[in-house]
Amino acid sequence: MKRLTWKLGSKYKTPLGLTGIMVLLGMLFSYAMFQGGFVSWFLFYSMLPFVAYTITMVFYPLHKIEITRTLNKELMMAGEELVVTIELKRKTPFPLFYLIIHDEIPAPLYNEALHDGEEDQIHSRVLFFPLFKKRLVYLYRIKPVPRGIYELNSVSLRTGDVFGFVQKEIKVHLSDRVFIYPRYQEIEHLEMDKHLQNGVQKSGRNSMTDYTSSVSVRDYVQGDRLSWLHWKASARSNKLVTKVFEHQRNNDYVIVLDQSALSYKNNDLLFEKAVSFAASITHYSVQNGASLGLHSSGSRQRVPMNTGTDHEWRIFHELAGVQPRLQEPFYEWLRREFTEGRLESRTVVVISPLLDDVMMKTLEVVSARQANMIFFYMSPNDRLHPQELSYIHRLNNGLIPTTAIYGPHFNEALKAGANRASI
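Residues numbered from 1 in each chain as written. Predicted model: local features only at pLDDT ≥ 70, side-chain atom pairs only at ≥ 80, totals over all residues. Heavy atoms only, no water.

**Let's talk about the UniProt feature "transmembrane region" (unreviewed entry) in the chain**
Per the UniProt record, "transmembrane region" (unreviewed entry) is annotated on residues 12–32 and 38–60. Helix makes up 96% of residues 38–60 and strand 0%, and the two end C-alpha atoms of the span are 33 Å apart. (UniProt positions renumbered as here; feature names shortened; annotations may be inferred. Helix = DSSP H or I, 4+ residues; strand = E, 2+ residues; numbered from the N terminus.)

**With respect to the sheet that holds strand β9 (residues 135–142)**
In spatial order, the strands read β2-β4-β9-β6; together these 4 strands make up an open sheet with antiparallel pairing. Each having just a single partner strand, β2 (66–71) and β6 (113–115) make up the two edges of the open sheet. Across the sheet, the mean angle from the axis of one strand to that of its neighbour is 25°, orientation sign disregarded. Examined bridge by bridge, β2 and strand β4 (residues 82–89) share 6 bridges and lie antiparallel to one another. Residue pairing across strands places L71 opposite V84, the latter belonging to β4. (Pairing = 2+ DSSP bridges. Axes fitted to C-alpha atoms, helices over the stretch in contact; angles between N-to-C directions.)

**Here's the deal with the nonpolar core**
Core analysis: the biggest nonpolar cluster contains 39 residues, and I67, I86, L88 and I101 have the highest contact counts within it. Of all the secondary structure elements, the ones that give two or more residues to this core are α2 (38–59), β2, β4, β5 (99–104), β8 (125–128), β9, β10 (148–160) and β11 (167–181). Here this core takes 5 residues from β11, the largest share from any one element. Not counting chain neighbours up to four residues away, the residues in contact with I101 comprise I86, L88, S124, R125, V126, F128, Y138, V155, S156 and L157. Counting residues in hydrophobic clusters, the runner-up holds 35 residues, among them I281, F316, F410 and L414. (Core = buried A, V, L, I, M, F, W, Y, C linked by side-chain atoms within 4.5 Å. Buried < 20%, exposed > 50% of the residue type's maximum accessible area, 1.4 Å probe, protein only. Contact = heavy atoms within 4.5 Å.)

**Let's talk about the packing of aromatic side chains**
Inspection of the entire model under this criterion finds 13 aromatic pairs. Look at Y184 and F316: their rings are 5.7 Å apart centre to centre, the planes differ by 35°, and that puts the pair in the tilted class. Pair noted here: Y184 is in the loop between β11 and β12 (201–202) and F316 is in helix α7 (residues 309–320), with a separation of 132 residues, a long-range link. For Y184, a relative accessible area of 26% puts it in the partly exposed group. Taken together, the aromatic side chains of Y181, Y184, W313 and F316 make up a single cluster linked through ring pairs. (Phe/Tyr/Trp six-rings, centres within 6.5 Å; stacked < 30°, edge-to-face > 60°.)

**Focus on α2**
Under the 1.5 Å per step criterion, the end-to-end length of α2 is 33 Å for 22 residues, consistent within 8% with the ideal 32 Å. Along its length, α2 shows its largest kink, about 30°, at L48, and proline P49 lies within four residues downstream of that point. (Expected span 1.5 Å × (residues − 1). Bend = angle between axes of the 7 residues up to and from the residue.)

**Let's talk about the environment of R346**
Take R346: it is sitting in the loop between α8 (330–339) and β18 (347–352). Linking R346 and N372, residues 26 residues apart in sequence, is a C-alpha distance of 6.4 Å.

**Some details on the pattern of salt bridges**
Scanning all chains against the criterion turns up 15 salt bridges. We note a salt bridge from K89 to E87, for which the minimum N-O separation is 3.7 Å. Since its relative accessible area comes to 41%, K89 is described here as partly exposed. Through salt bridges with shared partners, a single network forms among R302, E337, E340 and R342. (Salt bridge = Lys/Arg side-chain N within 4 Å of Asp/Glu carboxyl O.)

**Description of the sheet that holds β18**
Spatially, 6 strands are ordered β17-β16-β15-β18-β19-β20 in an open sheet, and the strand pairing comes out mixed. Two strands in the sheet have a free side with no partner beyond their single neighbour: β17 (302–306) and β20 (402–405). Strand-to-strand twist in this sheet, taken as the mean axis angle between neighbours without regard to direction, amounts to 20°. By the bridge criterion, 6 bridges tie β18 to strand β19 (residues 372–378) in an arrangement that is parallel.

**Description of the confidence of the model for the chain**
Looking at the chain as a whole, its pLDDT mean stands at 80, while 80% of the residues score no less than 70. Within the model, pLDDT remains below 50 along residues 194–212, and this stretch shows 58 contacts once partners closer than five positions in the same chain are excluded. A low-confidence stretch, residues 418–423 stays under pLDDT 50, and its non-local contacts, those more than four residues away or across chains, total 15 contacts. (pLDDT = per-residue confidence, 0-100.)

**Overview of the pairing of β19**
β19 sits mainly inside the fold: 7 of its 7 residues count as buried. Where β19 meets β20, 4 bridges bridge the pair, whose relative direction is parallel. Counterpart to F376 in the pairing with β20 is T403.

**Thoughts on the environment of I180**
Its place among the elements puts I180 in strand β11. Once the C-alpha coordinates of I180 and F316 are considered, the two residues, 136 residues apart in sequence, prove to be 9.2 Å apart. Non-local contacts of I180, meaning those with residues more than four positions away in its chain, are made with M76, M77, A78, V145, P146, R147, G148, Y150 and A320.

Laid out in structure tokens, this is it:
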């Protein structure tokens, strides 16, 4: 990677700095002139090389050092190893007493960085005593790499004279980007359609709602269209009721990942588990020929429905950058997306760690309108509590297929269902 820009700044480590060492030299000269003798002149001449070195250090072109950063990979999965190599080349063999090199990487990467062989290296920072060497190389490893999209922007160099009177520092701006995709688990079998709603049938590629055929009625909910009202049933029951239409379901899905900060409550491991499960569903669905899309709740980014390995990596690319930054409750965002029609006529796979009365009622309302919905509850515990079981049973009885994902292994949770849950 070429050096793009540089910023030079000279700092004086002590209050005296360059002026101080010149004053010190003047004092030694005055002492030698007035005192005379071998000792006074020996001190003066002994100090001259250090003064000359310090003055030369001020004008040393530190910015002309060529710096390159090399990465073993730019695309990888979470948990793999990233090897970063920093190489410095300088044209003049000017003696440098010390040189501190610091690759300024993002904090999540810096915390996982390990040195590889250099005694005076801490993470991505290293201290060299190069003297006349023209080439310096060091590397560090980051393992395991956390999921995310990271920018590696700059490398700083710091050096100075022997006594620390003068210290020079530059920051070289390099540009490297690393994409760390979420790690997925191989899912052996995933029955998306094991619980079908009454009147639901499999169809071709295009999923849709048949508004000409109603299968039942329900109480009116604010936001329902007037054309959905069942006037005869409303007159008989003396209240407004709405038609429930026949839905068609297929093997095409839209993944909706909960990215609300309120849902995860600063539990980063739980969010990473949810992202990994979304990646696992993506991999399984693409391998089985299904068409898949991603509807992000944390931004306006949408991955449209498609198939194939390239599309799988496109979804992984989006999942690499997701964070729990949605500031409103997830159930409010979900209700608005359905009300405004952005998730209408699709089979929606909701992945969320939120399971309470409000969330359950929201799922029931949007499912009763026009939605084919499947809910995966990301449990923060290894086993389910009685209240969680009660919610899950109610959703399943309400014809919203719900599966709890608890523990570290998705296959076991999908196979066991509620059989291993404690009551």
